[in-house]
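# Close look at the chain arrangement
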Amino acid sequence: MAKLAARTACISGSATQAVTTTVDRLRRSGIQVIDFGAGEPDFPTVEVAKVAAHQAIDANFTKYTPNAGTAELKRAICDRYRTDYGVEYRESEVIVNAGGKQALYNAALALFGPGDEVLTHAPYWPTIPEQIKLADATPIAVATSAADGFAIRAKAIREKVTPRTRGIIINSPCNPTGAVISEQEFEDIADLCGRQGLWLVVDLTYEKLIYDPVPHNLPGIIARKCRDVGVLCGSASKAYSMTGWRCGWTIGPEPLIAASGALQSHATSNASSISQKAVTAALSGSQEPVRVMLEEYRARRDRLYEWLTADPRVKCHKPGGAFYMFVDVSDALTAAGLQTSTEFAAALLEEARVAVTPGESFGAPGFVRISYATSMDNLREGSRLMLEFIRARTASAASTRR
Ligand SMILES: Cc1ncc(COP(=O)(O)O)c(C=O)c1O
């Protein structure tokens, strides 16, 4: 067979999607699995979006739209950010993409290239470093630590800046850790980027899922401190439970928006016309459904934390945002005679029928990610099975050692 292009060799497939595929396969063969792998809300899409989509189809709004998105959706995005953050952006500073993933991908391709280093924080959402590599640039991971609540620190980032650094990507709230960056740390990073002319790309996919009343006006800080180098990537996926609709956006300086548009015009063209109508309705309508989902996630987070920390071998902190608990299972691994979190996740799925995502995928061996975008009953039963698995494995490893 003729060879594949070299770039395919340095890119790994999505490990989070691999968990979903395994769960699907097991379920199709009749095996019940509790799925803590899912990176998507378990709620239905918000009602106004569904109604608007039906209307769009009935009105035959089913053709190409402008490549960068409809004017009404771009206006709705500008209005939402003005209301939520007090920032003013023009329609020419916005592009609609097929999901936050495409927003980030276009930004990576438009901003970074060979020889560039791009800083991001670890544990990370695996797509971030992979997209940097696809842009032929080098991802540099700046470690955050569990002991510090995975806080993203400007000082640690500053220390990794070299003459080759071209940009910094911040994801807050963070997948997988749930960490929410403090405004002070973000201001320091924005100052650094403004002073040194580094791109500051912010992944705000989970911006609506913050549990405690902490200030998180990252768009406001960008607008004040480094508007010329600040890029906001957002998404309807998690806030409005619209993962399948594939709609996100980029807000930033006009030249970047134009470049993102040019790339998109040759790759995918506009995001689905029907989805754009639906997202316009979601962004412009009442935000009450978002609040209701947030309350439910908060209740789940609190209970899951209680259930898991009942076993001292399982260590975690309460995440400030998103819907993931990032759990340190390193003590449990040793006790259970397992080497890696990948082995842990495989054995947990095999023996207890609970699916989690191993930390190696996020650059964090010794951890597993548990998604609490699932029912309280599943969380109760799944955490019980997980602790039971650790107890049984520990007992059997101890008896083998004797
Ligand atoms: C951190 C982060 N950013 C971006 C995305 C992209 O989401 P979407 O492409 O569905 O908007 C995801 C999805 O899981 C995510 O976890």
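About the criteria used
Residues numbered from 1 in each chain as written. Predicted model: local features only at pLDDT ≥ 70, side-chain atom pairs only at ≥ 80, totals over all residues. Heavy atoms only, no water. Axes fitted to C-alpha atoms, helices over the stretch in contact; angles between N-to-C directions. Helix = DSSP H or I, 4+ residues; strand = E, 2+ residues; numbered from the N terminus. Left-handed = near helix turned anticlockwise from the far one by under 90°. Contact = heavy atoms within 4.5 Å. Nonpolar A, V, L, I, M, F, W, Y, C, P; charged D, E, K, R; others polar. Buried < 20%, exposed > 50% of the residue type's maximum accessible area, 1.4 Å probe, protein only. Pairing = 2+ DSSP bridges. Expected span 1.5 Å × (residues − 1). Salt bridge = Lys/Arg side-chain N within 4 Å of Asp/Glu carboxyl O. 1 Å grid on protein atoms, 1.4 Å probe; cavity = no way out; pocket = protein on both sides within 12 Å on 5 of 7 lines; lining within 4 Å. Points joined across faces, edges and corners; volume = space filled by probe spheres on them. Near = heavy atom within 4 Å. Polar contact = N/O pair within 3.5 Å; in protein donor to acceptor, adjacent residues only side chain to side chain. Areas by Shrake-Rupley, 256 points an atom, 1.4 Å probe, with all protein chains shown as cover. Phe/Tyr/Trp six-rings, centres within 6.5 Å; stacked < 30°, edge-to-face > 60°. Lys NZ or Arg CZ within 6 Å of the ring centre and 35° of its normal.

What follows covers the packing of helix H2 (residues 47-58) against helix H10 (residues 273-284). For the pair H2 and H10, interaxial distance at closest approach is 7 Å and the crossing angle is 145 degrees. Taken as a pair, H2 and H10 cross one another with a handedness that is right-handed. Contact residues: Val48, Ala49, Ala52, Ala53, Ala56 and Ile57 in H2; Ile274, Lys277, Ala278, Ala281 and Ala282 in H10. Tallied by class, the residues present in the contact of H2 with H10 amount to 10 nonpolar, no polar and 1 charged.

Attention shifts here to the pairing of strand S12 (residues 367-371). Of all the 5 residues making up S12, 5 are buried; the element is thus mostly covered by neighbouring parts of the structure. The two faces of S12 match: Phe367, Arg369 and Ser371 on one face and Val368 and Ile370 on the other face are all buried. As paired elements, strand S9 (residues 324-328) and S12 share 5 bridges and run antiparallel to each other. Among the inter-strand pairings, Asp328 is bridged to a residue of S12, identified as Phe367. Two strands pair when backbone bridges link them, and strand S11 (residues 357-358) and S12 are joined in this way by 2 bridges, in the antiparallel orientation. Paired with Thr357 across the two strands is Arg369, which belongs to S12.

Below, the discussion takes up the packing of helix H4 (residues 100-111) against helix H5 (residues 127-134). The geometry of H4 relative to H5 is characterised by a closest axis approach of 8 Å and an angle of 35 degrees between their N-to-C directions. Pair H4 / H5 crosses with right-handed handedness. Mapping the contact onto sequence places Lys101, Leu104, Tyr105, Ala108 and Leu109 in H4 and Thr127, Gln131 and Leu134 in H5. Residues belonging to the contact of H4 with H5 are distributed by class as follows: 5 nonpolar, 2 polar and 1 charged.

Over its 15 residues, helix H3 (residues 71-85) runs 21 Å from end to end, which matches the ideal 21 Å to within 8%, given 1.5 Å per residue. Of the surrounding secondary structure, the elements contacted by the buried residues of H3 are strand S2 (94-97), helix H8 (218-225), strand S7 (230-235), strand S8 (248-251) and H10. A positive phi of about 70 degrees marks Gly86, the residue just after H3.

For the structure on display, the rule yields 33 salt bridges. A salt bridge links Arg301 to Asp212; its shortest N-O distance comes to 3.8 Å. You can see Arg301 sitting in helix H11 (residues 288-308) and its partner Asp212 sitting in the loop between strand S6 (199-203) and H8, a full 89 residues away along the chain. Relative accessible area serves as the criterion here: at 36%, Asp212 is assigned to the partly exposed category. Salt-bridge contacts for Arg380 lead to Asp377; the nearest nitrogen and oxygen are separated by 3.0 Å. Separated by 3 residues within a single helix, Arg380 and Asp377 lie in helix H14 (residues 376-401), roughly one turn from each other.

Let us look at the layout of surface pockets. Its boundaries defined by the atoms lining it, the largest pocket holds a volume of some 630 Å³. If you go around the largest pocket, you meet 30 residues; those closest to its centre are Gln17, Gly39, Lys101, Lys238 and Thr243. Those elements that place two or more of their residues in the lining of the largest pocket are helix H1 (15-28) and H4. In terms of residue class, the lining of the largest pocket is made up of 6 nonpolar, 15 polar and 9 charged.

The next point concerns the site of the ligand. Around the ligand, 14 residues are found, and the nearest of them are Gly100, Asp203, Ser235, Ser237 and Lys238. Take Thr205: an N or O atom from its side chain is 3.3 Å from a nitrogen atom of the ligand. One of the side-chain N or O atoms of Tyr206 is found 2.8 Å from an oxygen atom in the ligand. When the free accessible area of the ligand is taken as 390 Å², the share hidden by the protein chains comes to 92%. By residue number, the principal contributor to the shell around the ligand is H4, which donates 3 residues. Of the residues that constitute the shell around the ligand, the class distribution is 3 nonpolar, 7 polar and 4 charged.

In spatial order, the strands read S9-S12-S11; together these 3 strands make up an open sheet with antiparallel pairing. Two strands bound the open sheet, and with one partner strand each, they are S9 and S11. Its contacts with the sheet place H11 against S9 and S12, and it is angled at close to 15 degrees to S9.

Moving on, we get to the packing of aromatic side chains. All chains considered together, the criterion is met by 13 aromatic pairs. Through a chain of ring-to-ring contacts, three or more aromatic side chains come together here, namely Phe43, Tyr206, Tyr297, Phe323 and Tyr324. Above the plane of the ring of Tyr89 lies Arg227, whose end atom (NZ or CZ) is 4.1 Å from the centre.

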